[in-house]
Amino acid sequence: MKYYLANKSKGISILFVAFLSIFCVYIVSALVSSMLETARDANVNAVTSFSFVMPQDSALTISEEDWTEIENMPEVRAVYQAFIESSYIDTILAKANSFVVFLGEDDLNRLFQDNRYEIIEGRLPVDGAYEVIMHERILRNKGLQVGDFFGSDYDDGESVVGGYQIVGSFRGDDVISFGTDNCQVDQYQDIGVDADTTKYAGVVLPQGALEEMNQVLDHVDSESISFQTRSDIQRQYDEQIQGINLLMAFVILIVAVSISIAIGAVLSTVYQSRMDEYGILFAIGYRKRMIFASISKEILLLLLISWILGIGASVLALGGVNQAIFSKMGQSIALLNANSFLYTGLAIAAMFVITLLPIIRKFAKTDLITIIERR
Amino acid sequence: MLKAENLSLSYQDGRTRRLIFSNVSLTVEEGDFVAILGPSGSGKSSLLYILSTLRAADSGRISLNDVVISDTKKTCEIRYQNFGFIFQQHFLIPHLSVLENVMAADYRVKRRKEAIELLEQLGLGDHIRKRPHELSGGERQRVAIARALVKKPRIIFADEPTASLDGKTAGEIIKLLTAHCKDASIVCTTHDPAILPKTCKVAHLTDGNLLL
């Protein structure tokens, strides 16, 4: 490192370029991780205490026969008749799904008691009114408050049909919204569909542990119904984010390789200009691999300093972004997250290898004694 | 101590093979100052490089204390353990201080105390923190001498160590070298016999032959 202390401008240029790349990789991976984590929270964490049963695509409702069969499963404690709609939550980079489940008032009360949800503001929706109660994180994400209205009647982009008043918010393991009367169901009723007996979907509650029930439900092979369990949603979610993860890895690889080539070009010039130094060290008894180890150590140390500085700056920047934007949207962001460490670590490793390769090649081909002889 | 037997060297010059020297034999005893003299291009530097294992000869054998060193792959270790080097150019590492340059000679032991003592003896006590570019040509060459001596080598190989210096400084450098090499042998190439001490053994390399 003494070389870079004596040649500060060269050291600072390399540090700066590597620092910038680490900063970019960390910020991008932290933002994507945050988006994925928020989407996961709204999708997978929606069904932490129960699962859903829905008719297969071709059917509109669940038959009595199927319903009874589910109710009679030993792993199932109860099935509540429900109508399930998908809303959305915002993340910084995309929108993610969020479930809104409409149940009868009694079932909703039981669900809240059984799952020990804590109503932190307002009250539960009641029958005969278009009302919803939202998980506190969804409410914060949507920038809404208890008393506000929600649904396609109030927001053009909202996928939940009709209009509902938010009458409460709750805290609990399931990140979801609940309502009682549903506008679409009521329209069906107007054309003669019996709301009391028609089973559009169901909330399936476990007799014991949810995982045990889900293991059984995941293996039910039926042409008329399908279950949406936590593992099922997790699997769908993983499939969806696979592409994003691949894209992110690709972008990081491209960034790392481009930056490495730039740093490699600078370093190659630096080490080319130091061949006299290596020539004399070799002459006085240093082995080539010792000289090479010291070069590797120098480069590694430079990159590690950039890594630490890059991560430090990223954490500070993300802290600011979190304070200014994320916390207001209810989007969680981990300032120190494993993915960002992994990706920046990979970027550093790529830079190290790519910058070292031409130097190894040069070293292997150079007769160091010739450098001294030439003089 | 150092014994070279029947060394030959040639190189390819276009389509012809040019002989530099052949059947050169030389013995350097402990404490000897051996000067290899010869005109430019006579191959004296090449001979020094071969004797010090920096280069290999086409044929012949070199042994150090009866151990053959010319056909081993551990030449770095041999040089590190036994030899010190001074070249025409000082080859000091520009970003290291004078003291660090001298200490760089030994990668196993930090010879700080010996390096400082040696630099003081060579009149560089006030310059140990300076960088090479802050020194004069003679001072730089004295630092190179300190680097060669700090490990207390058995043999110092000096390749035209005074060629880039003026006559007065060149004489001083040789005096310093002999004064501080009481326990070591010196093999020195030069084209200027005037700078050599009276006690040295002189070998002339001319027309591919070494004449003692």
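What you are looking at is a predicted structure, and each value in this text was computed from that prediction instead of being measured. (Residues numbered from 1 in each chain as written. Chains lettered and ligands numbered in written order. Predicted model: local features only at pLDDT ≥ 70, side-chain atom pairs only at ≥ 80, totals over all residues. Heavy atoms only, no water.)

**Notes on the confidence of the model for chain A**
This is how the line gets drawn: Values of pLDDT, the confidence the predictor places in each residue, fall between 0 and 100. Secondary structure counts use DSSP, requiring at least four H or I residues in a row for a helix and at least two E residues in a row for a strand, with both numbered from the N terminus.
Looking at chain A, pLDDT values average 87 and 97% of them are 70 or higher. Confidence scores differ between elements of chain A, with helix α6 (residues 183–190) of chain A showing the lowest mean pLDDT of 79 and strand β7 (residues 164–171) of chain A the highest of 96.

**Comments concerning the sheet that holds strand β5 (residues 67–68) of chain B**
All names here are of chain B. The condition that has to hold: Strand pairing is defined by DSSP finding a minimum of two bridges between the two strands. A contact between two residues is defined here by any heavy atoms of the two lying within 4.5 Å. Convention adopted: a line fitted to C-alpha atoms gives each axis, helices being fitted over their contacting stretch, and angles between N-to-C directions are expressed from 0 to 180 degrees.
Pairing is antiparallel in the open sheet, where four strands are placed in the order β2-β1-β4-β5. Strands with a single pairing partner mark the edges of an open sheet, and in this sheet they are β2 (16–28) and β5. Across five bridges, the pairing between strand β1 (residues 2–13) and strand β4 (residues 59–64) is antiparallel. Bridge pairing links Lys3 to Ser63 in β4. Each of β1, β2 and β4 touches helix α1 (residues 44–51); the most contacted strand, β1, lies at about 125° to it.

**Concerning a nonpolar patch on the surface**
The criterion, for reference: Each patch is built from residues that are more than 30% exposed by relative accessible area and take part in no salt bridge. Like charges join if they lie within 9 Å; nonpolar side chains (Val, Leu, Ile, Met, Phe, Trp, Tyr) join within 5 Å. Areas reported here follow the Shrake-Rupley algorithm with a probe of radius 1.4 Å; residue values treat only the protein chains shown as occluding. Definition used for salt bridges: Asp or Glu carboxyl oxygen within 4 Å of a side-chain nitrogen of Lys or Arg.
Residues A:Ile12, A:Phe16, A:Val17 and A:Leu20 make up a contiguous nonpolar surface patch of roughly 340 Å² in combined accessible area. Locating A:Leu20 in the fold gives a position in helix α2 (residues 8–43).

**A look at the domain arrangement of chain A**
Residues and elements named next belong to chain A. For clarity, the threshold we go by: Throughout, the edges of the domains are those of an automatic or database domain assignment. In the analysis that follows, any N or O atom pair within 3.5 Å is treated as a polar contact, provided that within protein one partner can donate a hydrogen and the other can accept it, and provided that, for residues neighboring in sequence, both atoms belong to side chains.
One can read the domain layout of chain A as domain 1 (2–40 + 239–374) and domain 2 (49–228). A straight line from the C-alpha centre of domain 1 to that of domain 2 covers 48 Å. The interface formed by domain 1 and domain 2 contains zero salt bridges. Our count for the contact surface shared by domain 1 and domain 2 stands at zero residue pairs in polar contact (both at pLDDT 80 or more).

**Considerations on the pairing of strand β9 (residues 201–206) of chain B**
All names here are of chain B. As defined by bridge partners, strand β3 (residues 33–37) adjoins β9 across four bridges and the pair is classed as parallel. Counterpart to Val34 in the pairing with β9 is Lys201. In this structure, β9 lies alongside strand β10 (residues 209–211), joined through three bridges in antiparallel fashion. The residue bridging Leu205 from the neighbouring strand is Leu210, located in β10. Where β9 folds back on β10, the antiparallel hairpin that results is connected by two residues, among which Asp207 adopts a positive phi of roughly 50°.

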